[in-house]
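Geometric and topological summary
Read off the chains here:
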Amino acid sequence: VENGVLFVPMPEEGTVTDMVLFVGKKMFGSFVIDNETPLGGKGKAGSLPSPIPKTAGFFTAPVVGTKIGEEVKVTLSWFQPMKFYQGAYFLTLPTLIDSDVHGSKRQGGALAAGLVTIHVTVNTGVPEPVRHSAVCQMHVVSQGPGQVTLATDRHNTWTNDIFQLSYLVWGNAIVTSLNIQGANPNNQADQRNTFCLSISPPDPSRTQTFARSVVFLLDRSGSMSGHPMKMARESIIFGLDQLTEYDDFMIIAYNKSQHPNTPGLQSAKRGNVDDAKGWVSQIDAGGVTDILTP
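Let us look at the structure shown here. Throughout this document, residue positions are counted from 1 along each chain, in the order its sequence is written. Only residues with pLDDT of 70 or above have their local features reported here, since the model is predicted, and side-chain atom pairs are shown and tallied only from 80 upward, although totals for entire chains, interfaces and linings are computed over all residues. Computation of side-chain values: all heavy atoms of the structure, hydrogens and water removed.

Section: the environment of aspartate 203
Note the threshold: Counting from the N terminus, the helices are the DSSP runs of H or I reaching at least four residues and the strands are the DSSP runs of E reaching at least two. Relative accessibility under 20% of the residue-type maximum defines a buried residue, over 50% an exposed one, and the middle range a partly exposed one, all with a 1.4 Å probe and only protein chains included. We call two residues in contact when some of their heavy atoms are within 4.5 Å. Within 3.5 Å is the distance limit for a polar contact, defined as a pair of N or O atoms, with the added protein rule that one can donate a hydrogen and the other accept it, and that residues adjacent in sequence qualify only through two side-chain atoms.
Counting through the fold element by element, aspartate 203 comes out in the loop between β19 (194–200) and β20 (213–219). The class for aspartate 203 is buried, based on a relative accessible area of 17%. It is 8.7 Å that separates the C-alpha atoms of aspartate 203 and isoleucine 174, two residues lying 29 residues apart in sequence. Aside from chain neighbours lying at most four places away, what touches aspartate 203 is Trp170 and Gly171. A distance of 2.9 Å separates the side chain of aspartate 203 from the side chain of serine 205, its partner in a polar contact.

Following this line, the structure appears as structure tokens:
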């Protein structure tokens, strides 16, 4: 009987929530604790191993009481934040297998068929059909309003690469989704439920831009001479570039008195913005600061 160590590629932002081991005909449920929590005590398998050092990019866990050459199957559940870009969430899984781990299965740049299979269920929490794409060939197992289950083909050779799946969530309005995952019935050691709340913005092309009235204040007193004034001018110009044609704006430079660039708010049309940039570029520092009158 030996003690082993399980290494599973894991995104560093991933959080493991549940692990079940199948060793021969035996099944072991577990609950996940912090790596720094000391492990101890004695059981049928003997003493538990010491805490395993953290390894970047891997989830590690002790596997006790196994025999050399014995097959161990692991079911692992975890949460990880997904990237959001241009209205789509991106799920990335670390499925790249090093040739040293399974060198006998290498076939050129790919792995043998059936070595890696992926089964993914997407639940957006909204009734619209799921619009999805993946970096590898997958077929639809089942689908319904706001949900689709995809799987790789076991008969196809697995291209050894990181798996990525994306699905669109942009719609006509802000979308909220609460997904609740019940406890694993096979793991009596940990019967806690988990949930995931997501809030997705609407498609910008389907929204109405809110008009803003923006007043920029620029301190031009003597204490702003040199680099501070240079940075202040650049900040105002940056802010001007963020305006849209729906906005109104004006700039007030002040020291012992106030110096507006215009008598009042004006439309952020391109010509007005360009004129304001030129006006800001000519502002120099000088005089004392009157912070009471404004």
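Examining the pattern of salt bridges
As a reminder of what qualifies: A side-chain nitrogen of Lys or Arg and a carboxyl oxygen of Asp or Glu constitute a salt bridge if their distance falls within 4 Å.
Using the criterion set out here, one finds four salt bridges in the structure. The partner of lysine 277 in a salt bridge is aspartate 241, with the nearest N and O atoms 2.4 Å apart. Of the two residues, lysine 277 is situated in helix α2 (residues 270–281) and aspartate 241 in helix α1 (residues 227–241); the sequence distance between them amounts to 36 residues.

Quick look at α2
Filter applied, for reference: To estimate how far a helix should extend, the number of its residues minus one is multiplied by 1.5 Å. Along the arc lie the directions from the helix axis toward the C-beta atoms.
Over its 12 residues, α2 extends 17 Å from the first C-alpha to the last, a length consistent with the 16 Å expected when each residue adds 1.5 Å. Within α2, the full set of buried residues consists of Val273, Ala276, Lys277 and Val280. For α2, the arc enclosing every buried residue in end-on projection is 105°, short of the 170-degree limit, so these residues lie on one face.

Regarding the pairing of β20
Cut-off, in case you're wondering: For two strands to count as paired, DSSP must find a minimum of two bridges between them.
Relative to strand β21 (residues 248–254), β20 runs parallel, the two being bridged by seven bridges. For leucine 217, the partnering residue across the bridge sits in β21 and is isoleucine 252.

Some points on the sheet that holds strand β9 (residues 88–93)
What links the strands of a sheet is backbone hydrogen bonding, and the strands pair in either a parallel or an antiparallel sense. What counts, and what does not: In this analysis an axis means a line fitted to C-alpha atoms, helices contributing only their contacting stretch, and an angle means the value between N-to-C directions, from 0 to 180 degrees.
Strand order in the open sheet formed by four strands is β8-β9-β17-β13, and the pairing between neighbours is antiparallel. Because the sheet does not close on itself, it has two edges, and the strands there are β8 (83–85) and β13 (132–134). The sheet shows a mean angle of 20° between the axes of neighbouring strands, taken without regard to direction. Where β13 meets strand β17 (residues 163–168), three bridges bridge the pair, whose relative direction is antiparallel. Paired with histidine 132 across the bridge in β17 is tyrosine 167.

Concerning the packing of aromatic side chains
Here is the rule: Each Phe, Tyr or Trp ring, with Trp reduced to its six-membered ring, pairs with another whose centre is within 6.5 Å; inter-plane angles below 30 degrees give stacked pairs, above 60 give edge-to-face pairs, and intermediate values give tilted ones.
Within the structure shown, the criterion is met by three aromatic pairs. Their ring planes at 45° and their centres at 5.9 Å tell us that tyrosine 89 and tyrosine 167 sit as a pair that is tilted. Taken together, the residues span a long stretch of sequence, with tyrosine 89 in strand β9 and tyrosine 167 in strand β17 at a distance of 78 residues. Its relative accessible area of 13% is what places tyrosine 89 among the buried residues. Given a relative accessible area of 11%, tyrosine 167 falls into the buried group. An aromatic cluster of three or more residues is present, and its members are Phe84, Tyr89, Tyr167 and Trp170.

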